[in-house]
Structure formats: structure tokens, C-alpha cells
Amino acid sequence: MKSKVSLFQLFAVFAKIGAFTIGGGYAMIPIIQREMSRRGWIPDDELPDIVALSQSAPGVMAVNISIFAGYRLRGVPGSIAATLGTVMPSFVIILAIAMFFSAFKDNPFVERAFKGIRPVVISLIAVPMINMARKSCTTWWKWLIAIASLLLVAFLNVSPIYILLVVIVLGFSTTYFSQRWKS
């Protein structure tokens, strides 16, 4: 079901998101969620699916989220508009920084500003992840999988690909055996 959102509206909203998001894809999630639900474009319960698809697709997460959300709203033209909106502000900003950064890179104020931004970026990434965990982890075993995955990736450097493969096999196996026992 495609929405009646204009391509310009889609471009403008994602350009605003792209312009004011520092830290990339994960930092965009709360802003995208707020913008999409405030406008009634995408329900809150669909965003975790879009994020999951974006994470599993190759490429930059911010662009992938834009592609999937734009496609959900307006098909291929929506994907293009949302992606251009997301990328355009960063491209212009990075181009401007590249042109002038060499003159300011050793400036202590610039160094302190970048160091000050880091904790904000961490919180922008952590808050949507916690909110998604609260909504998605509705049983004790889902919490167990989420926490075990976090620990394996963060502290034991296990590849998320292996974790996804194991969880997929477990999901298919439990579904298969539960269906087999019912019949």
C-alpha cells in the first residue's frame, strides 16, 4: 500500500534527517521514527522491520533505511527521493569540510567540538536500540537471545552473520518440530 506522500515531501523530510543527524544510520533511527509516525507515514511497529532489512542489506545503513522507507511510501521513485534527501546534506557538508578542514584541523576548538559530539552520538545510537529492544523482546527467551548476541558481538568479537545464521536455523527448527509434534 503506497502512501500519497509527494516525492518532494519525502525528499525534504529525509534531507532534514540527513542534515541534522550526526553519527550515521543508528543515530537516524529515532529521528526517522518520530518523523514517520508524526506524519502517519509508517506505523511504529513497522520501523524495526525496516531497520532489520537495512542492517542485512549491503551498504550504508542510513542509505538502506532511506531506500526501504522511501520504497514503502512511494515505490522506486520514493526510494530515490528519500535516498537523495538523506545523502545530499552530508555530501554538501563533507565537501565544504574537505575544502576548509586543512586550515582548521589543528585548531583546539575544532578538536574539542568533535570530542564533545562523540557522547551525543553514542546516546543517539543507544536510545533507539533500547526502545526497539523493549518493543521487540516480549518474552524472556527473546531477551536472552538479544543479550547473548550483544555479549557475543561486543566482547567475543563473534561475527553477527554467524549469530544470524544460528538464530535462523533455530527458528526454522523450532517451527518445524512444533508443527511436527502438533500433527
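Residues numbered from 1 in each chain as written. Predicted model: local features only at pLDDT ≥ 70, side-chain atom pairs only at ≥ 80, totals over all residues. Heavy atoms only, no water.

**Some details on the overall build of the protein chain**
The following threshold applies: Here a helix means four or more residues in a row that DSSP labels H or I, a strand means two or more in a row labelled E, and each is numbered from the N terminus. Throughout this description, buried means an accessible area under 20% of the type-specific maximum (1.4 Å probe, protein chains only), exposed means over 50%, and partly exposed covers the range between. Throughout, a contact is declared for two residues whenever any of their heavy atoms are within 4.5 Å. Only the protein chains shown count as covering a residue, and every accessible area follows the Shrake-Rupley method with a 1.4 Å probe. For this count, His and the chain ends are skipped, Lys and Arg are scored as positive, and Asp and Glu as negative. In this description, the location of a charge corresponds to atom NZ of lysine, CZ of arginine, CG of aspartate or CD of glutamate.
If you tally the helices and strands in the protein chain, you get seven helices and zero strands. For the protein chain, the sequential pattern of α-helices and β-strands runs α-α-α-α-α-α-α. Overall size of the protein chain, expressed as C-alpha extent along the three principal axes, is 70 × 45 × 25 Å. Within the span of the protein chain, comprising 183 residues, buried residues form 27% of the whole. Sequence-distant contacts, at least 24 apart, represent 57% of the contacts inside the protein chain between residues at least 6 apart. With an accessible surface of roughly 12,300 Å², the protein chain has 73% of that area assigned to carbon and sulfur atoms. Of note, the protein chain has its 17 positive side-chain charges centred 4 Å away from the centre of its 7 negative side-chain charges.

**A look at the packing of aromatic side chains**
Each aromatic ring pair is specified by the distance between its two centres and by the angle formed by the two planes. Stated formally: The criterion for an aromatic pair is that two Phe, Tyr or Trp rings (for Trp, the six-membered ring) have centres within 6.5 Å, with stacked assigned to planes under 30 degrees apart, edge-to-face to planes over 60 apart and tilted to the rest. Here, a charge over a ring is recorded when the distance from Lys NZ or Arg CZ to the ring centre is within 6 Å and its angle to the ring normal is within 35 degrees.
For the structure on display, the rule yields two aromatic pairs. Between the aromatic rings of Tyr-176 and Phe-177, the centroid separation amounts to 5.2 Å while the plane-to-plane angle is 70 degrees, which identifies the pairing as edge-to-face. Under the relative-accessibility criterion, Phe-177 is labelled partly exposed at 37%. Of the aromatic side chains, those joined through ring pairs into one cluster are Tyr-176, Phe-177 and Trp-181. The aromatic ring of Trp-41 is capped on one face by Arg-39, whose charged end is 5.4 Å from the ring centroid. The positively charged end of Arg-112 is found above the aromatic ring belonging to Phe-109, 5.9 Å away from the centroid.

**Thoughts on the pattern of salt bridges**
This is how it is decided: A pairing counts as a salt bridge when a side-chain nitrogen of Lys or Arg comes within 4 Å of a carboxyl oxygen of Asp or Glu.
Under the counting rule described, the total for this entry stands at four salt bridges. The partner of Arg-72 in a salt bridge is Glu-46, with the nearest N and O atoms 2.7 Å apart. Linking Arg-72 in helix α4 (residues 61-104) with Glu-46 in the loop between α2 (25-39) and α3 (47-56), this pair joins segments that are 26 residues apart in sequence. A relative accessible area of 25% means that Glu-46 is categorised as partly exposed. When salt bridges that share partners are traced, they join Lys-16, Glu-35, Arg-38 and Arg-39 into one network.

**Observations regarding the nonpolar core**
Selection rule: By nonpolar core is meant a set of buried Ala, Val, Leu, Ile, Met, Phe, Trp, Tyr and Cys residues that side-chain atoms within 4.5 Å join together.
Membership of the largest hydrophobic core comes to 22 residues, with the highest contact counts inside it found for Phe-14, Ile-32, Met-36 and Trp-41. Mapped onto this core, the elements with two or more residues apiece are α1 (7-19), α2, α3 and α4. In terms of residues, this core owes the most to one element, α4, which gives six residues. For Ile-32, the contacting residues outside a window of four places in its chain are Phe-14, Ile-17, Leu-47 and Ile-65.

**Some words on the confidence of the model for the protein chain**
Applied cut-off: By definition, pLDDT measures how confident the predictor is in each residue, and it falls between 0 and 100.
When the pLDDT values of the protein chain are averaged, the result is 85; 96% of them are 70 or greater. Within the protein chain, no element has a lower average pLDDT than α2, which sits at 81, and none a higher one than α1, at 92.

**A look at the side chain of Ser-66**
Rules: The definition of a polar contact used here is a pair of N or O atoms within 3.5 Å, where within protein one atom must be able to donate a hydrogen and the other to accept one, and adjacent residues in sequence count solely through side-chain atom pairs.
Counting through the fold element by element, Ser-66 comes out in helix α4. Of the polar contacts made by the side chain of Ser-66, one reaches the backbone oxygen of Ala-62; its length is 2.9 Å.

**Things to note about the layout of surface pockets**
Under the convention used in this document: Here a cavity is any set of points on a 1 Å grid over the protein atoms alone where a 1.4 Å probe fits but cannot get out, and a pocket is any open set with protein on both sides within 12 Å along at least 5 of 7 lines; a residue lines the site when it has an atom within 4 Å of a point. Grid points are joined across faces, edges and corners, and a volume is the space filled by probe spheres set on the points. Think of it as three bins: nonpolar holds Ala, Val, Leu, Ile, Met, Phe, Trp, Tyr, Cys and Pro, charged holds Asp, Glu, Lys and Arg, and polar takes everything else, Gly as well.
Of the voids in this model, the largest pocket is the one considered here, and its volume is about 1,700 Å³. Taken together, 34 residues make up the lining of the largest pocket; nearest its centre are Gln-55, Met-132, Ala-146, Ser-149 and Leu-164. Put simply, the parts of the chain that give the lining of the largest pocket at least two residues each are α3, α5 (108-136), α6 (140-156) and α7 (160-182). Of the residues contributing to the lining of the largest pocket, the split by class is 26 nonpolar, six polar and two charged.

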